[in-house]
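The chain contents come next:
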Amino acid sequence: MWSKMEFLHSEWVPYVVPAALVLLLVYAWKGWTTTSGNRLLLLVSLAILSIGSLAMLALKPGMPQSISGKTAIILTSNYPEIKLDSLSKLYPKAARIDYHENGNLDSAEDVNEIFILGNGIKPYDFSQIAASSKPVFIPSEVPSGMVQLNFSKKVNLGDSIKIEGRFKNPATGSRLVLTDFSGNSLDSTEFSNTKEEIFRLEARAMVAGNYLYNLVLKDSVGKILNSEALPIKIKDREALKLLVLNSYPLFETKYLKEFLGREGHEISLKTRISRGRYKYEFINTANRSLRNLTSELLEDHDLLLIDSDYLDLLSPGEKEAVRTSVAEAGLGVFVMPSEDFFRKNQELTGFKFYSDQSPVNLNFKASESLEKHDFLFSEQDKLVAVIENSDKIYSAYKISGSGKIGSWVFANLYQLVLKGDLETYEYVWSRMINSLAGKESIPAEWTIGNFPVYRNEPAEISLRTNYPQPRIQTSENIPVPMAMNPEIPELWSGRVYPSKSGWNQFAFAKDTLSDTNYYVFEDTSWSALNNFKIREANIKRFSNKSKNKATVESLQEINRIWFFLIFLASAFFLWLIPKLE
């Protein structure tokens, strides 16, 4: 019986036990110097009782007891049988809910205590678990397979498709192969660590359209073990009209115009070489007058690239022309920052920055070569991140009317070209330019919040637009209710339950140009990744409950009055015996 005793304050044992032993040794030494014989043995025994009872009062011992009442055990996928057996012994009358079979939680109503075993319940069912039921999540082991994944969901034709992820418990010698929509192998990696592998794959987008690439897992002899689809949207590259304004000759512009010229973009470049003197260059386009920065000139271009020092050279009329062209004509503006830019009043951009001297850290190895100014973007209204990692935003823009204004904190990007890393240079610049350029009839930024999206399960959609009261519909012309963010009026969110697998679409009811496509999977796809995400969401949701708490709450505490009485009695005799000498 006593072998089953546990402590409610078990975390105090490393402190209470040594302290009790020290007290006992001190008392035994004191008694040995003043007393001998049977009286010494009696005093030490009383000291053990006294100090031991104090230790019990602090540690709160208890015995496992079967607890009656309304208790439910929710069984989710991969639930541990050992944990279920232990809970069943402690709660013999607990109701079992097979959530992993039917996804139903109706039986969880009106219960006093809930235990969730396995990978957890799906986040959209969290609302069915009342906080008053004291939910306790006892997770299963981390699932084997691909548990984390980041990949380029939207790229332009010719750009790199980058894929990075984490794979748990791969078989030694197995390979992960990236194949295109025709089954051709594009890149692969071999797993050598049987516990966990971080992998990176890359390929170039060669054909425009919506395509399913695949991540194929093969064993050491080439047999296919598993295959998962990667929906990637590849946009056809269009020739853009770019206006570049430099306050002085820049190395950055020298290499940028070479890259953009190779891509077939039309570039008009105006560079200030001294007070009142300018140099003009035209690439893939006819010469034209760039003397005055007017609304007519700006509206004939898709994107204005201007260094931050040139902004100070603009007259009030030219600044107003830029604002008007952005808001009304959909012009994109990119500000190439100098060090002083981050300390100036952001009159045109409205950006906010904070000091940060840490190096660049992105989800691809080549990012280690990137340099940045000692600043990062602060979180702020209307800010849309383009290149970020965790809470660090390296490049971003704001929607202003029909257009966008953006910048970044990178510095000396041309150094990548000098080091021979043209691919990273083009990737970073392409991400920024493609985010800012392009005039749509209704400018919109669509985001599908969850991946993977499953059939008959919620797809979370968010939309940034200046269009008032946007009316959104699916590809089946079903309206999608949208809710406006009270703090950010341009941000809207909604939820749909797609009924068919494959490519689906959201679009404005009166404008099919501003749409977005997303892919819907069957529920057997991406099982390891989905189970890992559900498990992490449950841990976060029920973070104040641990699997140890389940054991603690099933202990019946021994009444502490008995330890208190033993302490009083032993302390009394410890005081009395020396008085009788």
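Residues numbered from 1 in each chain as written. Predicted model: local features only at pLDDT ≥ 70, side-chain atom pairs only at ≥ 80, totals over all residues. Heavy atoms only, no water.

Draft legend 1. Quick look at the sheet that holds strand β33 (residues 491-496). Read across the open sheet, the 4 strands follow the order β27-β29-β33-β32; overall the sheet is antiparallel. The two strands at the open ends of the sheet, each matched to only one other strand, are β27 (445-448) and β32 (482-484). Mean inter-strand twist for the sheet, computed between neighbouring axes without regard to direction, equals 25°. Sheet topology note: the strand β29 (residues 459-464)/β33 ladder contains 6 bridges and is antiparallel. Counterpart to I461 in the pairing with β33 is G494. (Pairing = 2+ DSSP bridges. Helix = DSSP H or I, 4+ residues; strand = E, 2+ residues; numbered from the N terminus. Axes fitted to C-alpha atoms, helices over the stretch in contact; angles between N-to-C directions.)

Draft legend 2. Seen up close, the layout of surface pockets. As a volume, the second largest pocket reaches approximately 530 Å³. In terms of lining, the second largest pocket is formed by 24 residues, of which the most central are H100, K122, E457, D523 and N530. Within the residue set of the lining of the second largest pocket, elements represented by two or more residues are α4 (99-102) and α11 (527-541). When grouped by side-chain class, the residues that make up the lining of the second largest pocket number 5 nonpolar, 12 polar and 7 charged. (1 Å grid on protein atoms, 1.4 Å probe; cavity = no way out; pocket = protein on both sides within 12 Å on 5 of 7 lines; lining within 4 Å. Points joined across faces, edges and corners; volume = space filled by probe spheres on them. Nonpolar A, V, L, I, M, F, W, Y, C, P; charged D, E, K, R; others polar.)

Draft legend 3. Structural view of a nonpolar patch on the surface. Together, I561, W562, F564, L565 and L568 give the surface a local cluster of nonpolar side chains, amounting to about 500 Å² of exposed area. Here L568 shows up in helix α13 (residues 560-580). (Patch = residues over 30% accessible without salt bridge, like charges linked within 9 Å, V, L, I, M, F, W, Y side chains within 5 Å. Areas by Shrake-Rupley, 256 points an atom, 1.4 Å probe, with all protein chains shown as cover. Salt bridge = Lys/Arg side-chain N within 4 Å of Asp/Glu carboxyl O.)

Draft legend 4. Quick peek at the environment of P135. Relative to the elements of secondary structure, P135 occurs in the loop between β5 (113-118) and β6 (136-139). Taking the C-alpha atoms as reference points, P135 and G118, separated by 17 residues in sequence, lie 14 Å from one another.

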